[in-house]
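Chain residues, written in single-letter form:
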Amino acid sequence: NYPLNTNNSNCNVTSIAISESVLRNFGRGLFNINTNTVVLGDVKISNTIIKNIAGNGGDGIDVRTGTLRSFTAENVTFDTGFGAFLRVQISTDVVFKNCTFYKISNVDHKDNSGLFRMSAVGTLQVSKCLFVETGVENPTNVSSGNWCKNSGNRTATSKDADNY
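As a starting point, this report considers the structure included with it. Computed from a predicted model, the values in this text were never measured in an experiment.

Right, let's talk about the overall build of the protein for a bit. On a plain count of helices and strands, the protein comes out with zero helices and 14 strands. When the helices and strands of the protein are read in sequence order from the N terminus, they spell out β-β-β-β-β-β-β-β-β-β-β-β-β-β. Relative to its full complement of 164 residues, the protein shows a buried share of 46%. Taking the intrachain contacts of the protein between residues at least 6 apart in sequence as the baseline, contacts between residues at least 24 apart amount to 82%. Accessible surface, the protein as shown: approximately 7,800 Å² in total, 45% of it carbon and sulfur.

Turning our eyes to something else, we now look at the packing of aromatic side chains. All told, the structure shown has 15 aromatic pairs when counted by the stated rule. A centroid spacing of 5.6 Å and a plane angle of 50° characterise the contact between F96 and F116, whose relative ring orientation is tilted. Taken together, the positions of F96 in strand β9 (residues 93-97) and F116 in strand β11 (residues 116-118) put the pair 20 residues apart, joining distant regions of the chain. Clustering of aromatic rings is evident, with ring pairs tying together F31, F71, F78, F82, F85, F96, F101, F116 and F131.

We now examine the pairing of strand β5 (residues 39-53). Bridging between strand β2 (residues 12-19) and β5 involves seven bridges; their strand directions are parallel. Within β5, the residue paired with I16 across the bridge is V43.

The next thing to look at is the environment of T77. Note that T77 resides in strand β7 (residues 67-81). What T77 contacts, discounting residues up to four positions off in sequence, is T48, I49, I50 and T100.

Right, let's talk about the pattern of salt bridges for a bit. Taken as a whole and judged by the stated rule, the model has seven salt bridges. E74 is the partner of K44 in a salt bridge, and the nearest nitrogen-oxygen pair spans 4.0 Å. Taken together, the residues span a long stretch of sequence, with K44 in strand β5 and E74 in strand β7 at a distance of 30 residues. Where salt bridges share partners, they join D59, D62, R64 and R87 into one cluster.

Here the focus is the environment of C129. You can see C129 is positioned in the loop between β12 (123-127) and β13 (130-132). C-alpha separation for the pair C129 and T100, spaced 29 residues apart in sequence, amounts to 5.7 Å.

Its location among the elements puts T123 in strand β12. The exposure class of T123 is partly exposed, given its relative accessible area of 33%. Once the C-alpha coordinates of T123 and S70 are considered, the two residues, 53 residues apart in sequence, prove to be 9.5 Å apart. Within the structure, T123 has its side chain in polar contact with the side chain of D93 (distance 2.7 Å).

Looking now at unusual backbone geometry. Non-glycine residue N47 carries a positive phi angle of around 50°. When you line up the elements, N47 lands in strand β5. With phi around 55°, K128 is a residue other than glycine that occupies positive phi space. In this fold, K128 is placed in the loop between β12 and β13.

Parameters at a glance
Residues numbered from 1 in each chain as written. Predicted model: local features only at pLDDT ≥ 70, side-chain atom pairs only at ≥ 80, totals over all residues. Heavy atoms only, no water. Helix = DSSP H or I, 4+ residues; strand = E, 2+ residues; numbered from the N terminus. Buried < 20%, exposed > 50% of the residue type's maximum accessible area, 1.4 Å probe, protein only. Contact = heavy atoms within 4.5 Å. Areas by Shrake-Rupley, 256 points an atom, 1.4 Å probe, with all protein chains shown as cover. Phe/Tyr/Trp six-rings, centres within 6.5 Å; stacked < 30°, edge-to-face > 60°. Pairing = 2+ DSSP bridges. Salt bridge = Lys/Arg side-chain N within 4 Å of Asp/Glu carboxyl O. Polar contact = N/O pair within 3.5 Å; in protein donor to acceptor, adjacent residues only side chain to side chain.

Following this line, the structure appears as structure tokens:
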């Protein structure tokens, strides 16, 4: 369901780098950290295509507990799928730079809270990204959205600049 799922492990990883790859056809999302004992350092994805993530019951990048030093996506194409794209409930730094978001957060269900949801102290930087056909145009579920509809879930230090 997730290429990286650390829910049932006591792991301590300094860094994860994914580059020049294609990740596709996963059921829930890209990765999930939902255990207090998980410690991840820097996660960086670059020059990669991530496509056809069904978003059936999970958030795309889902970090609820544990430790994540930073997450960076640079020159990445996110193509089709995901419910809620990013859900981060711990203090960390998240960067999306020169990315393309095509038909993302387009799954119409109650758990789709939009593209970027951060509810803890940390930074979210989204710069020089292209957004095409994101969100749900006519949702049947009132929570389905594009940008996070609940301002309490959006970090106060987000930077959304120079996007297209």
